[in-house]
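Survey of secondary and tertiary structure
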Amino acid sequence: MKKNILILISSLFLLGCYTDYKVTEFGGRRSKREYKKHLWRAINPKRVGIDINVLYTRTHTYKNGVPYSYKDDNIVYYHFYKNGVFYIFYKKPGEKLNETSFNPKKGDIAFITSNLLGKYSLRYYNAVDGGNFDFIKKIKMKGDTLTIPFKYHGNKYIDYFKKVKVPKEWLDYEPDY
């Protein structure tokens, strides 16, 4: 009886540790099964007014209406592709950028989607707790600023991303999805 209970507990523990993602040779996260389930929802970011020929970088954040700084201090970049896939790149402050910095295999994959009411959302893969897609609803593009509001642990955040021009060859990659 004790052996069966121990096997059951061990099985549940191992199942809880199972993650759905793999890591590319450059460190970007990819889901093993979930991407294809959500890929059909991806839309061309131009519908929202997002320029696919530039990067977007997070310039500032508000938490509950007050300016906020993330503890990790990473610089975050988004690069969108016309098929609705975009990649999230995390760079350390002072890290030198070059033509290989924004290779899609180095980024975490995400999608931009729309619902029937014309509200635009971001779906990005989160490897925590077995892996799933998280949704950020009601993104807005105004001028050169992408606004991304979201809730986390009961707090309201708004991330602001601005266009950043980089040499064209830095973005000459095809998405891997």
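Below is a summary of the structure that appears in this document. (Residues numbered from 1 in each chain as written. Predicted model: local features only at pLDDT ≥ 70, side-chain atom pairs only at ≥ 80, totals over all residues. Heavy atoms only, no water.)

1. Topic: the packing of aromatic side chains
Applying the stated criterion across every chain yields a total of 13 aromatic pairs. Taking the centre distance of 5.3 Å and the plane angle of 80° together, the rings of Tyr 68 and Tyr 70 count as edge-to-face. Both rings, one in Tyr 81 and one in Tyr 87, keep their centres 5.7 Å apart while their planes meet at 90°; by these two values the pair is edge-to-face. For Tyr 81, a relative accessible area of 8% corresponds to the buried category. Through pairs of rings, three or more aromatic residues link up here, namely Tyr 56, Tyr 78, Phe 80, Phe 86 and Phe 161. Above the plane of the ring of Phe 102 lies Lys 91, whose end atom (NZ or CZ) is 5.6 Å from the centre. (Phe/Tyr/Trp six-rings, centres within 6.5 Å; stacked < 30°, edge-to-face > 60°. Buried < 20%, exposed > 50% of the residue type's maximum accessible area, 1.4 Å probe, protein only. Lys NZ or Arg CZ within 6 Å of the ring centre and 35° of its normal.)

2. What to know about the nonpolar core
Among the nonpolar cores identified, the biggest contains 21 residues, and Tyr 56, Tyr 78, Phe 80 and Leu 146 are the most heavily contacted of them. Secondary structure elements with two or more residues in this core: β5 (75-80), β6 (85-91), β7 (108-114), β8 (120-126) and β11 (145-152). No other element matches the three residues that β5 contributes to this core. Ignoring any residue separated from it by four or fewer positions in sequence, one finds Tyr 78 in contact with Val 54, Leu 55, Tyr 56, Phe 86, Tyr 87, Ile 88, Leu 122, Leu 146, Ile 148 and Phe 161. Grouped together as the second largest cluster of nonpolar side chains are 13 residues, Tyr 77, Phe 89, Phe 111 and Trp 170 included. (Core = buried A, V, L, I, M, F, W, Y, C linked by side-chain atoms within 4.5 Å. Helix = DSSP H or I, 4+ residues; strand = E, 2+ residues; numbered from the N terminus. Contact = heavy atoms within 4.5 Å.)

3. Quick look at a positive patch on the surface
A surface patch of like charges, here positive, comprises Lys 119, Lys 137, Lys 138, Lys 140, Lys 151 and Lys 156. Within the secondary structure, Lys 138 is located in the loop between β9 (132-137) and β10 (140-142). Among the residues examined, Lys 138 registers a relative accessible area of 54% and is labelled exposed. (Patch = residues over 30% accessible without salt bridge, like charges linked within 9 Å, V, L, I, M, F, W, Y side chains within 5 Å. Areas by Shrake-Rupley, 256 points an atom, 1.4 Å probe, with all protein chains shown as cover. Salt bridge = Lys/Arg side-chain N within 4 Å of Asp/Glu carboxyl O. Lys, Arg positive; Asp, Glu negative; His and termini not counted. Charge placed at Lys NZ, Arg CZ, Asp CG, Glu CD.)

4. Quick word on unusual backbone geometry
Backbone geometry at Asn 64 places phi at a positive 55°, although glycine is not the residue there. With respect to the helices, strands and loops of the structure, Asn 64 is situated in the loop between β3 (55-63) and β4 (66-68). With relative accessibility at 44%, the residue Asn 64 sits in the partly exposed group. Of note, the phi angle at His 153 is positive, near 50°, even though the residue is not glycine. Here His 153 is to be found in the loop between β11 and β12 (155-164). Residue class for His 153 comes out exposed when judged on its relative accessible area of 67%.

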